[in-house]
Amino acid sequence: MLLAPSVDDVKAIIRASATGVLVFSLGIALLAPVALVLGEANAATALLVGAAPAVAMAVLGRRIPTSSLRLTWTRAIVTATTTWIACACVAAVPLYLSGHFVGVDAAFFDAVSGVTNTGHSLVADLDHLPRSLVLLRSWMEVAGGAAFLFVGQSLLEARRALATSLTPGDTMGEHVMPGTGKGLRRTWRTIAALGITGVVGVGVALSVAGVPLASLPITTISLVAAAATTGGFIPNTGAVGAYHSVVVEFMLVVLMLGGATSVGVLAAAARRQHDRIRNDFSFQVYVGMLAAVLAGTMVGLARAGTFEAVVPVARHGIFSAVAAVTTTGLSTVAPELFISDFGVLAPAALVTGMAVGGMLGSMSGGFSTLRMGLLAKGVISDVRKVLQPEGAVSRVGWMRLGRREVLTDAHVRSAATTVMLFLIGILAGATVLLWADGRIALRGALLTATSAIGNVGLDVGVLEPGQAWYVTTTFTILMLLGRLQWLGIFAAIGFVVAIVQGRR
Amino acid sequence: MTTPRTRHRLLIAGFIAALAVIGIGVQWSHDAAPRVPLDVVPAGAEDPESVEARTLTCERTLPDAPTRDLEEVEPVGRVSSEAVNSCPDAFDGQVVVYYGEVVGDVLQRDGGAWTLVNDDAYALTLGPLSGHGDFEGGNSGLAVWLPGQLATLADEPGNADRRGDVLRVNGVVRRADPEDGGGLTLRAIQAEVVFEAQYLETPVNRVQALVAAVFTLVAIGVVVWDRRLRARR
């Protein structure tokens, strides 16, 4: 039986969402004067057409009276979903007005890609895109990444308020941000540290690489946002390889790894709690996954004969593997070369890394290394049960930042459900692509679908401007499902159904 | 005195009406975008894409296959970036002719410069999208190394304001260029500017400016009203 949510629930969700939309829209509005300074008058007015009504509606939304603003679990998760979708709608307006998108669906696709830190793009003529819209894309990545961390915080608080146990399958970051004030400060510090490191490091590296001073600030901002938030949007068709610099690639690797490492682990690293990090199960799986994907990619590149020397194999292999596991989706080569020049094994290793993704409690996508690890532990536990004498009790545990947890069936079930939903999403996305265009190879379709649902954004030339509306819609939904870990979308749909059909 | 139910209905109706007004404003602005297309670049009319290049296969060269010296390599004529990216192995070491627009940043290095040279429709035929609004897929290009004095040719790369210099490059395709850490490159032997950079003269979209002004004024009005109400409390 469904219970209809109260009017107060709806009001509280609108108010909380309005706050998120207000911050996001003010950020877009602030880009308008920047566009004017850059001499892009039409982009400036496009930014205002998108941001101004959103600011007005958000301010009005925050005035809706409600008796309780308490963020329960349901309210928090529905708020997260509605905020993400509303922000994407706001960002889609200036993108659509730029004239670089075939239709509204393509602009909305790009907006969702931006706020979900995916990096896919259906922009036509990217290399002539106004610079203020490149900055808009970077703002979407930063806002989306920061919101992902803060929403995790809110959900954690909601779970605590309801005094229920936390399971690793519950959305994200269950252990990374204890205590709102402390956790928020820690999250801010993480974002600031990544941002400052990135701007200084990448800026210097780009300058040495020969990027002219006039374009250095915007190029630096867009690359840092793309790597540190795992957003992966690069404002040129040549990808990272267009900078022809191993130092730039090294800096981006550092930022990608930072963006895909949980805030808890980064905070422990800052406090020099190296033992805690070493013993943290999620971190161990993360490192193991990185090593496995790296090995698979490098062996694959060597076997395929893509590169004849060790240095290029290592350079492209390391960058591609890190970009896949951190779900950043950046590449050092033109995306088509993943299919035409990387052989079979290397792309297979990369797809596996993209599906698993980075750590829970970070900005990365995928179904997460912790879930992968818990599934493996569940299998080991079952095998042990079979081998042990009847009546024997065995407890399987794992460490998370200094605390020992015991594996329960709920953990394994939750992880298995998420992984299964991811796989269904990949199959659904690939099927739609194959249906839409018979020339697309199965390998390319699977890679693109995995890339979308894992919020990776690595495209191999499959998703291009002018896609059929049902392809853009399917992949827009996949990106949202991936970012909100399915539960958010299901909860939002259930909430709407409960409003219509629920018992009062 | 209105009941809560009526108030809620009015709120929802107001919200839908606001969305409709915003939607009309956005679509009106979009449709009113002025277009001033650039000239079609007659680049490469005398160099149609080579038949020989199209007949090359995409089979990968095995790592132990004998390597060829540059002197042995026969020119294959004009190629497109799409063909080279789809079939890099077939063009490895070949001397080719390539036409394209310099875009993005020109990276000056010792002994030359790296450029990104696009040969898609926005580069060669139609010009930047904002000038005409006709969609012709995405961008496509090659990384081109311009050695020595050739680096000075690419002094006006394309961006949102202009179509950059269009070059005719005669060079060697390197599938895994050892001097670029294994990147796919075109190393220019000769290059010339066949079409100078051309600036877009896109006028301001007046309808969009009007809609933006109205929306901004409304937003400022709502914010001021909200602040006054808060100050009263």
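Residues numbered from 1 in each chain as written. Chains lettered and ligands numbered in written order. Predicted model: local features only at pLDDT ≥ 70, side-chain atom pairs only at ≥ 80, totals over all residues. Heavy atoms only, no water.

Glancing now at the overall build of chain B. Along chain B, the regular secondary structure elements total six helices and eight strands. The buried share of chain B, taken over its 233 residues, is 46%. Restricting the contact set of chain B to residue pairs at least 6 apart, pairs at least 24 apart contribute 68%. For chain B, the accessible area works out to roughly 12,300 Å², and carbon and sulfur atoms hold 57% of it. (Helix = DSSP H or I, 4+ residues; strand = E, 2+ residues; numbered from the N terminus. Buried < 20%, exposed > 50% of the residue type's maximum accessible area, 1.4 Å probe, protein only. Contact = heavy atoms within 4.5 Å. Areas by Shrake-Rupley, 256 points an atom, 1.4 Å probe, with all protein chains shown as cover.)

A word on the pairing of strand 4 (residues 141-147) of chain B. Residues and elements named next belong to chain B. Strand 4 sits mainly inside the fold: six of its seven residues count as buried. Judged from the seven bridges that link them, strand 3 (residues 112-118) and strand 4 form a sheet pairing that is antiparallel. What sits directly across from Gly112, in strand 4, is Pro147. The sheet contact formed by strand 4 and strand 7 (residues 183-195) spans three bridges and is parallel. Across the sheet, Val144 pairs through a bridge with Leu186, a residue of strand 7. (Pairing = 2+ DSSP bridges.)

With that settled, consider helix 19 (residues 487-501) of chain A. Compared with an ideal rise of 1.5 Å per residue, which puts 15 residues at 21 Å, helix 19 of chain A spans 20 Å between its outermost C-alpha atoms and is within 8% of the ideal. Against helix 1 (7-37), helix 3 (73-97) and helix 18 (469-483) of chain A lie the buried residues of helix 19 of chain A. (Expected span 1.5 Å × (residues − 1).)

Take the interface of chain B and chain A next. A common way to report how large an interface is uses the accessible area buried once the components associate. Counting residues at the interface gives 63 residues for chain B and 60 residues for chain A. When the two sides are added together, the surface that chain B and chain A hide from each other amounts to roughly 5,000 Å², 60% of it contributed by carbon and sulfur. If you look at where chain B meets chain A, you find three salt bridges. We note a salt bridge from A:Asp341 to B:Arg175, for which the minimum N-O separation is 3.2 Å. Summed over the shared surface of chain B and chain A, the result is 22 residue pairs in polar contact (both at pLDDT 80 or more). (Buried area = accessible area lost by both parts, 1.4 Å probe. Salt bridge = Lys/Arg side-chain N within 4 Å of Asp/Glu carboxyl O. Polar contact = N/O pair within 3.5 Å; in protein donor to acceptor, adjacent residues only side chain to side chain.)

Further remarks concern the confidence of the model for chain B. Averaged over chain B, the pLDDT score is 86; the fraction of residues at 70 or greater is 86%. What the predictor reports for the complex is a pTM of 0.91 with an ipTM of 0.89. (pLDDT = per-residue confidence, 0-100.)

Together, A:Arg185, A:Arg189, A:Arg271, A:Arg276 and A:Arg403 line one region of the surface with positive charge. Relative to the helices and strands, A:Arg189 is located in helix 6 (residues 180-209). (Patch = residues over 30% accessible without salt bridge, like charges linked within 9 Å, V, L, I, M, F, W, Y side chains within 5 Å. Lys, Arg positive; Asp, Glu negative; His and termini not counted. Charge placed at Lys NZ, Arg CZ, Asp CG, Glu CD.)

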